[in-house]
Amino acid sequence: MPELPEVEVTRRGIAPYLVGRVIAAVTVREPRLRWRVPKAVHAIPGHQVRSVKRRGKYLLLDCGDGHLILHLGMSGSLRLVAAGTPAGKHDHLDLAVGDRLLRLRDPRRFGAVLWTAAPPEAHRLIRHLGVEPLSRSLDANRLHALTRAHRTSIKQFLMDGRRIVGVGNIYASESLFLAAIHPRTRASRLSRQRCARLVRAIKQTLRAAINAGGSSLRDYVGSDGEPGYFQTRIWVYDRAGQPCRRCGAPIRRIVQGQRASYYCPRCQR
Ligand SMILES: [Zn+2]
């Protein structure tokens, strides 16, 4: 499933080409995505793309009098391919821009292509999203304040996109390892010092994944290959029973909120 780093790498891959160019045509081959592609999307030819921003895992194309909202769902990818490139079975939507197509491929069709004429931050899918983990708004004080009222575990807190958006299961486990915090620790019990460590770990983990993905940026222009998953060094995720890379203790797996968590019982207390 595309996580925040994949979406950010996609944004960085497509933005330099799209910004300043005019969308010449829209082709919708399959409107039945997570929500039906609205008629308003058919009216966007003629609009110039002013910016490509990201909020959580949503990409926002500013078209002047409205925003195209794109989400990759469970299996989506966006690629810039040469005009005339034949569409595959799962290539559901193209935006023609210059001599290229911005092509959405989404085998499972949980992605979304929507339009809003209102400010995107007011959109029903976006207005409840929590603080951006890579923004300056997330610092130790903010995390400390956000966690005070939460008796839930810190792992489940990190997975709740209404508090911090887009951390995801892999990055939550990895961040807690780097911060030496046990995933079952009650969020409201974290000291300010541990909040500071955790904020640093979250940013470090996400940035490392984005940087690893940066090497695949060329795939976003001039190719229609499958999205690659970013190879960064994994400390604990999906390593149950294997030795901790730091201390050698076997990594443990527990289930929290129906999601697997992985941790080192010696490094994370
Ligand atoms: Zn360890």
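Refer to the structure printed above.
Figured I'd write up the structure that's included with this text. (Residues numbered from 1 in each chain as written. Predicted model: local features only at pLDDT ≥ 70, side-chain atom pairs only at ≥ 80, totals over all residues. Heavy atoms only, no water.)

### Digging into the packing of aromatic side chains
Any aromatic ring pair is given by two values, namely how distant the centres are and how the planes are angled relative to each other.
Next, step 1: Counted under the stated rule, the structure contains two aromatic pairs.
Next, step 2: Geometrically, the ring pair formed by Phe177 and Trp235 is stacked, given 5.2 Å between the ring centres and 20 degrees between the ring planes. On the criterion of sequence distance, the pair formed by Phe177 in helix α4 (residues 168–178) and Trp235 in the loop between α5 (192–214) and β9 (252–256) is long-range, its members being 58 residues apart. The two residues Phe177 and Trp235 agree in class, both being buried.
Next, step 3: In this arrangement the basic side chain of Arg100 is found over the ring face of Tyr17, its NZ or CZ atom lying 5.5 Å from the centre.
Next, step 4: Arg246 extends its terminal NZ or CZ atom over the ring of Trp235, reaching a point 4.9 Å from the ring centre. (Phe/Tyr/Trp six-rings, centres within 6.5 Å; stacked < 30°, edge-to-face > 60°. Helix = DSSP H or I, 4+ residues; strand = E, 2+ residues; numbered from the N terminus. Buried < 20%, exposed > 50% of the residue type's maximum accessible area, 1.4 Å probe, protein only. Lys NZ or Arg CZ within 6 Å of the ring centre and 35° of its normal.)

### Re unusual backbone geometry
Next, step 1: Unusually for a residue other than glycine, Arg109 sits at a positive phi of about 60 degrees.
Next, step 2: As for its position among the elements, Arg109 is in the loop between β7 (100–105) and β8 (112–116).
Next, step 3: You will see that Asp238, though not glycine, has its phi angle at about 60 degrees, which is positive.
Next, step 4: Within the secondary structure layout, Asp238 lies in the loop between α5 and β9.

### Quick word on the coordination of the zinc ion
Next, step 1: Donor atoms from the polypeptide that bind the zinc ion are Cys244 (SG), Cys247 (SG), Cys264 (SG) and Cys267 (SG), placed at 2.2 to 2.4 Å.
Next, step 2: Relative to the metal, the four donor atoms surrounding the zinc ion lie at angles of 100 to 113 degrees, and the coordination shape comes out tetrahedral.
Next, step 3: Expressed as a motif, the donor residue spacing for the zinc ion is C-x2-C-x16-C-x2-C. In this pair, Cys247 is assigned in the loop between α5 and β9 and Cys267 in the segment after β10 (259–263), connecting sequence segments 20 residues apart. (Donors = N, O, S within 2.8 Å, 3.2 Å for Na, K, Ca; no water. Tetrahedral: all angles 85-135°; square planar, octahedral: opposite > 155°, others 65-115°.)

### Concerning the environment of Arg109
Next, step 1: Assessed through its relative accessible area of 31%, Arg109 is described here as partly exposed.
Next, step 2: Residues Arg109 and Trp35 lie 74 residues apart in sequence; the distance between their C-alpha atoms is 9.1 Å.
Next, step 3: In contact with Arg109, not counting residues within four places along its chain, are Glu30, Arg32, Leu33, Arg34, Ser75 and His92. (Contact = heavy atoms within 4.5 Å.)

### Some points on the sheet that holds strand β3 (residues 58–62)
Next, step 1: Read from one edge of the open sheet, four strands run β2-β3-β4-β8, paired in antiparallel fashion. The open sheet terminates on both sides in strands that have one partner only, identified here as β2 (51–55) and β8. The sheet shows a mean angle of 25 degrees between the axes of neighbouring strands, direction not considered.
Next, step 2: In this structure, β3 lies alongside strand β4 (residues 67–71), joined through five bridges in antiparallel fashion. (Pairing = 2+ DSSP bridges. Axes fitted to C-alpha atoms, helices over the stretch in contact; angles between N-to-C directions.)

### Here we look at the side chain of Glu132
Next, step 1: The topology assignment puts Glu132 in the loop between β8 and α2 (140–147).
Next, step 2: Separated by 2.6 Å, the side chain of Glu132 and the backbone nitrogen of Gly56 make a polar contact.
Next, step 3: Apart from residues no more than four positions distant in its own chain, Glu132 is found in contact with Leu4, Arg54, Arg55, Gly56, Leu138 and Val165. (Polar contact = N/O pair within 3.5 Å; in protein donor to acceptor, adjacent residues only side chain to side chain.)

### Here's the deal with α4
Next, step 1: Counted residue by residue, α4 has nine buried out of 11 residues, so it is predominantly covered.
Next, step 2: For α4, every residue scored as buried is listed here: Gly168, Asn169, Tyr171, Ala172, Ser173, Glu174, Ser175, Leu176 and Phe177.
Next, step 3: At the exit of α4 stands Ala180, carrying a positive phi of roughly 60 degrees.

### Focus on the pairing of strand β5 (residues 77–82)
The side chains of a regular strand alternate between both faces of the sheet.
Next, step 1: Among the six residues in β5, five count as buried, and that is most of the element.
Next, step 2: By the bridge criterion, six bridges tie β5 to β7 in an arrangement that is antiparallel. Pairing of Leu80 across the sheet is with Leu102, part of β7.

### Structural notes on a nonpolar patch on the surface
Next, step 1: Side chains of Met1, Met74 and Phe110 sit close together on the surface and give an oily, nonpolar patch of about 250 Å² of accessible area.
Next, step 2: Inspection of the secondary structure puts Met74 in the loop between β4 and β5. (Patch = residues over 30% accessible without salt bridge, like charges linked within 9 Å, V, L, I, M, F, W, Y side chains within 5 Å. Areas by Shrake-Rupley, 256 points an atom, 1.4 Å probe, with all protein chains shown as cover. Salt bridge = Lys/Arg side-chain N within 4 Å of Asp/Glu carboxyl O.)

### Observations regarding the nonpolar core
Next, step 1: The biggest cluster of nonpolar side chains holds 28 residues, and the ones touching the most others in it are Leu18, Leu61, Leu68, Leu95 and Val113.
Next, step 2: The element best represented in this core is helix α1 (residues 4–18), accounting for five residues.
Next, step 3: In contact with Leu18, not counting residues within four places along its chain, are Val49, Val52, Leu61, Leu80, Val97 and Leu102.
Next, step 4: Core analysis: the second largest hydrophobic core is formed by 22 residues, Leu138, Val167, Ala187 and Leu190 among them. (Core = buried A, V, L, I, M, F, W, Y, C linked by side-chain atoms within 4.5 Å.)

### What to know about the side chain of Arg239
Next, step 1: Here Arg239 lies in the loop between α5 and β9.
Next, step 2: Buried charge without a salt bridge: Arg239, with Glu174 as the nearest opposite-charge side chain at an N-O distance of 7.6 Å.
Next, step 3: Excluding residues within four positions of it along the chain, Arg239 makes contact with Ile234, Cys244, Arg245, Ile251 and Tyr262. (Lys, Arg positive; Asp, Glu negative; His and termini not counted.)

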